[in-house]
Amino acid sequence: QLVVWFLEDCRPLPYKATSTHNYPNLTDDAGKAPKDSVVLSAYSTMDLVDKDLDEDDPWNLPELQDTGLKWSELDAKGKVMRVLTSIVKFILLVGFLYMFVCSLDVLSSAFQLVGGKAAGDIFQDNAVLSNPVAGLVIGVLVTVLVQSSSTSSSIVVSMVSSGLLEVQSAVPVIMGANIGTSVTNTIVAMMQAGDRNEFRRAFAGATVHDFFNWLSVLILLPLEAATGVLYKLTKIVIDSFNIQGGDNAPDLLNVITDPLTSAIIELDKTVISDIATGDPAARNKSLIKIWCKTEKITTLLNITVPSAANCTTGVPCWEEGNKTWTQINVTETINLERCNHIFAYANLPDLAVGLILLALSLLILCTCLILIVKLLNSMLKGQVAVVIKKVLNTDFPFPFGWVTGYIAILVGAGMTFIVQSSSVFTSAITPLVGIGVISLERAYPLTLGSNIGTTTTAILAAMAAPGETLANSLQIALCHFFFNIAGILLWYPIPFTRIPIRLARALGNRTANYRWFAAIYLLLCFFLMPLTILGLSLAGWQALVGVAVPIVVLAIFIIIVNLMQTRCPRYLPSRLRNWDFLPRPLHSMAPWDGVVMSGMAFCGTRCCCCCKCCQKTEDEEKGGKERKKSQEMYDNPALTRDDEPLEAPKETVKATQL
């Protein structure tokens, strides 16, 4: 049913004639229609009026025009005020962007407080992780819960280093982490639901990342399960080079954001890794860091053992009376300095602190995003908008136009390496796609570059691992890197293979018409579907195959039928040339939209009077459009007599020219 809804957006619209302006042979030199001319269809002008001129192609980048006075028309005082205003706007923009990035960091901490221990419990079941499909969805769920692919990858590295998980079984988990990290910019896109076209573009710009990840997994996961190509390739790389441990990955953006985020909350992320590796004491620990400065002291302690056979080789062992004594190392942690964040002295459970931070971070995130969009709309006008659009969206001259996309991939990788988070980078460009500064075609290679950039940061972090965990850590990071490289080779070099752009555009059209569908998509792709697959995996591979195979076969059948309905319907049986034989809720979202709107209207009348005002405004706009239609009907050229000159109204001619 979802596939039917989804693919209906790809069908071409039927052609409609417009007016005699596009057909000069229908008029004489004086602009009059001859007596034997063909009268145009009456619905053509009505169709032009019914369709808003600004929405002819909602994917065209809007013109951000300057409505104020030109620079040459300003006096000295006006020029000074404009310069000062621009400086103040730029400072505010940087400040809001800083708060936006910090709110993403706090949001990640909030998710870890709410679901971090549950994520550790999910990783603890090693038998399930041996199933590639289960490992994939576990990677998705854990990354969604902790809002950080770096955290989920570090948990995997800890499990591999401790021997609880093999590297080959960890590869699907890394693929799932790559999918789960794209949920952040999808949430950010939903904040632009106020304007229909902005929401259309922003949601498509966010979900193009989702489609790239899912399509890459559909191809590479079965290939990896059958051949182990990523594992073998990275194993060759590790064995071919004498890799030595290095310094930690450089902290670039964290140096700027840590002063604020550390004053709000600090977490002990080793607790999640300890739970995943089976440490029973970690379950009673709090994720909230209380002591920021500690010192570990190791001392020798004399203990008794049953006999000399129980003594460790190389350790002193002696008998004293009837007892056998030996020595062991005991490590004791001494707390030196208490943390200074807000919740260091609050006696609250992790769940309560997580919910408080979740509400706070989402509020700041929404507020900053709205203000950033408003500021960008006010700043990107006139020549500034023209220059920015040309720089971001223009290709190189022929024959080097193909190079532009690859340079965008490098730019995305470099920017992600600087901010050290693909979620931060993709969440920052999502509102730019929404307001029309960056096109969807340009956002796609930038997103692919961000996938590469986040893996380079993981590689540098793995290089700083201790000697006993260096090989495993680096191999997992290289698996992540080669997975994204393979995905780019599959879905970017040939324009025909850039399927994620077409799918994201179709989903953007769908969510623009039915905005509530964005929430359905988010819950379905990142929660319900992974949980369902995980439950079937726990029930056994027979249950997973028995449920998944019929669904996959049905989806493939629907896709093939939809393509044939669009391109070659004559080869289909008459009954399958459309989906009208199905109940309407199974091939149209309109009935569901009515149910959702009715529910929202009920909540509005019971809970909020603001909805009445919004509904009243929509009714007035609808009434205005209806009056405009009725007035235009009287001016329709198709209703004129043969002996009267065929002079189209000015508004209609202008519309047909467009």
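Described below are features of the structure shown in this document. (Residues numbered from 1 in each chain as written. Predicted model: local features only at pLDDT ≥ 70, side-chain atom pairs only at ≥ 80, totals over all residues. Heavy atoms only, no water.)

## A few points about the overall build of the protein chain
And then number 1: Along the protein chain, the regular secondary structure elements total 24 helices and 3 strands.
And then number 2: Buried residues in the protein chain amount to 40% of all 658 residues.
And then number 3: The long-range fraction of contacts in the protein chain, counting pairs at least 24 apart against all pairs at least 6 apart in sequence, stands at 76%.
And then number 4: Split by element, the accessible area of the protein chain, about 35600 Å² in all, is 63% carbon and sulfur. (Helix = DSSP H or I, 4+ residues; strand = E, 2+ residues; numbered from the N terminus. Buried < 20%, exposed > 50% of the residue type's maximum accessible area, 1.4 Å probe, protein only. Contact = heavy atoms within 4.5 Å. Areas by Shrake-Rupley, 256 points an atom, 1.4 Å probe, with all protein chains shown as cover.)

## Thoughts on the state of the cysteines
And then number 1: Under the criterion given, the structure shown has 1 disulfide.
And then number 2: In this model, Cys292 is linked to Cys339 through a disulfide, with the two sulfur atoms separated by 1.8 Å. Classification of the bridge connecting Cys292 and Cys339 rests on its S-S torsion, roughly 115°, and on that basis the disulfide is right-handed. One end of the pair, Cys292, is in strand S1 (residues 291-305); the other, Cys339, is in the loop between strand S3 (323-338) and helix H13 (350-379), with 47 residues separating them in the sequence. (Disulfide = S-S within 2.5 Å.)

## Comments concerning the packing of aromatic side chains
Aromatic ring pairs are defined here through the distance separating the ring centres and the angle between the ring planes.
And then number 1: For the coordinates displayed, the defined rule picks out 9 aromatic pairs.
And then number 2: The interplanar angle of 75° and the centroid separation of 6.1 Å between the aromatic rings of Trp402 and Tyr406 together place this pair among those described as edge-to-face.
And then number 3: When the ring of Trp579 is compared with that of Phe581, the centres are 6.1 Å apart and the planes differ by 40°; the resulting orientation is tilted.
And then number 4: Ring-pair connections join several aromatic residues into one group, and the members of that group are Trp402, Tyr406, Tyr444 and Tyr492.
And then number 5: We note Arg338 situated over the ring of Trp291; from NZ or CZ to the ring centre the distance is 5.4 Å.
And then number 6: Across the ring face of Tyr492, the terminal group of Arg498 is positioned such that the distance to the ring centre comes to 4.1 Å. (Phe/Tyr/Trp six-rings, centres within 6.5 Å; stacked < 30°, edge-to-face > 60°. Lys NZ or Arg CZ within 6 Å of the ring centre and 35° of its normal.)

## Let's talk about the nonpolar core
And then number 1: By size, the foremost hydrophobic cluster in this structure holds 48 residues, and its most contacted members are Met175, Tyr444 and Phe526.
And then number 2: Element by element, the count of residues in this core is highest for helix H9 (residues 196-227), at 13 residues.
And then number 3: With near-sequence residues (within four places) excluded, Met175 lies in contact with Leu136, Val217, Leu220, Leu221, Glu224, Leu230 and Phe483. (Core = buried A, V, L, I, M, F, W, Y, C linked by side-chain atoms within 4.5 Å.)

## Some remarks on the environment of Leu448
And then number 1: Its location among the elements puts Leu448 in helix H17 (residues 440-463).
And then number 2: Leu448 gets classed as buried once you look at its relative accessible area, which sits at 0%.
And then number 3: Counting along the chain gives 36 residues from Leu448 to Asn484, while the straight-line C-alpha distance between them is 7.9 Å.
And then number 4: With residues near it in sequence (within four places) discarded, Leu448 still touches Phe212, Ile409, Ile488 and Tyr492.

## A look at the packing of helix H5 (residues 132-146) against helix H7 (residues 167-180)
And then number 1: Two elements in contact, H5 and H7, have axes separated by 7 Å at closest approach and are oriented at 40°. When the axis of H5 is compared with that of H7, the two are oblique. By crossing handedness, the relation of H5 to H7 is classed as right-handed. Together, Pro132, Gly135, Leu136, Gly139, Val140, Thr143 and Val144 of H5 and Pro172, Val173, Met175, Gly176, Ala177, Ile179 and Gly180 of H7 make up the contact between the two elements. (Axes fitted to C-alpha atoms, helices over the stretch in contact; angles between N-to-C directions. Parallel < 35°, antiparallel > 145°, perpendicular 65-115°, else oblique. Left-handed = near helix turned anticlockwise from the far one by under 90°.)

## Overview of the pairing of S3
And then number 1: Two elements, S1 and S3, share 14 bridges in a ladder whose sense is antiparallel. The partner of Val305 across the bridge, within S3, is Thr324.
And then number 2: Here strand S2 (residues 317-320) folds back onto S3 in antiparallel fashion, the turn holding 2 residues, of which Gly321 has a positive phi close to 70°. (Pairing = 2+ DSSP bridges.)

## So, the environment of Leu576
And then number 1: With respect to the element layout, Leu576 can be found in the loop between helix H21 (541-567) and helix H22 (590-607).
And then number 2: Measuring from C-alpha to C-alpha, the distance between Leu576 and Val561 comes to 7.5 Å, with 15 residues separating the pair along the chain.
And then number 3: The contact partners of Leu576, leaving out residues within four places of it in the chain, are Phe557, Val561, Gln565 and Phe581.

## Some words on the sheet that holds S1
And then number 1: Strands sit in the order S1-S3-S2 across an open sheet of 3 strands; the sheet is antiparallel. One side of each edge strand has no neighbouring strand; the edge strands of this open sheet are S1 and S2. The mean angle between the axes of side-by-side strands here comes to 40°, regardless of whether they run parallel or antiparallel.

## A few points about helix H20 (residues 517-539)
And then number 1: End to end, H20 covers 30 Å across 23 residues, agreeing with the expected 33 Å (1.5 Å per residue, within 8%).
And then number 2: Considering bend angle alone, the principal kink of H20 is centred on Leu524 and spans about 45°.
And then number 3: Looking at H20, one finds that the buried residues are Phe517, Ala518, Tyr521, Leu522, Cys525, Phe526, Pro530, Leu534, Leu536 and Ser537.
And then number 4: Just downstream of H20 lies Gly540, where phi reads positive at about 120°. (Expected span 1.5 Å × (residues − 1). Bend = angle between axes of the 7 residues up to and from the residue.)

## Some details on the side chain of Ser361
And then number 1: Along the chain, Ser361 falls in helix H13.
And then number 2: You can call Ser361 buried: its relative accessible area is 1%.
And then number 3: Here Leu357 takes part through its backbone oxygen, which lies 2.8 Å from a polar atom of the side chain of Ser361.
And then number 4: Those residues in contact with Ser361 that lie beyond four places of it in its chain are Ser103, Val106 and Leu107. (Polar contact = N/O pair within 3.5 Å; in protein donor to acceptor, adjacent residues only side chain to side chain.)

## Comments concerning the packing of H9 against helix H10 (residues 229-240)
And then number 1: As a packed pair, H9 and H10 sit with axes 6 Å apart at the nearest point and diverge in direction by 70°. What the angle tells us is that H9 and H10 run roughly perpendicular. When H9 is examined against H10, the residues Leu223, Glu224 and Thr227 are found in contact with a partner set consisting of Val229, Leu230, Tyr231 and Lys232.
And then number 2: Counted by class, the contact of H9 with H10 contains 4 nonpolar, 1 polar and 2 charged residues. (Nonpolar A, V, L, I, M, F, W, Y, C, P; charged D, E, K, R; others polar.)

## Digging into H5
And then number 1: Between the first and last C-alpha of H5 there are 21 Å, a value that for 15 residues agrees with the 21 Å anticipated at 1.5 Å per step.
And then number 2: A large share of H5 lies buried, amounting to 12 of its 15 residues.
And then number 3: By the burial criterion, the buried members of H5 are Ala134, Gly135, Leu136, Val137, Ile138, Gly139, Val140, Leu141, Val142, Thr143, Val144 and Val146.
And then number 4: The N-capping residue of H5, defined by a side-chain oxygen 3.2 Å from the backbone nitrogen of Val133, is Asn131.
And then number 5: Looking one or two places after H5, you find Gln147, whose phi comes out positive at around 55°.

## What about the pattern of salt bridges?
And then number 1: Applying the stated rule across the entire model yields 1 salt bridge.
And then number 2: Glu441 is paired through a salt bridge with Arg505; the nearest N and O atoms lie 2.4 Å apart. Taken together, the residues span a long stretch of sequence, with Glu441 in helix H17 and Arg505 in helix H19 (residues 499-513) at a distance of 64 residues.
And then number 3: A relative accessible area of 38% places Glu441 in the partly exposed class.
And then number 4: Among the residues examined, Arg505 registers a relative accessible area of 21% and is labelled partly exposed. (Salt bridge = Lys/Arg side-chain N within 4 Å of Asp/Glu carboxyl O.)

## Digging into a nonpolar patch on the surface
And then number 1: Together, Trp71, Val80, Met81, Val83, Leu84, Ile87, Phe90, Ile91 and Val94 line one region of the surface with nonpolar side chains, adding up to about 860 Å² of accessible area.
And then number 2: As for its placement among the helices and strands, Val80 is situated in helix H3 (residues 76-124). (Patch = residues over 30% accessible without salt bridge, like charges linked within 9 Å, V, L, I, M, F, W, Y side chains within 5 Å.)

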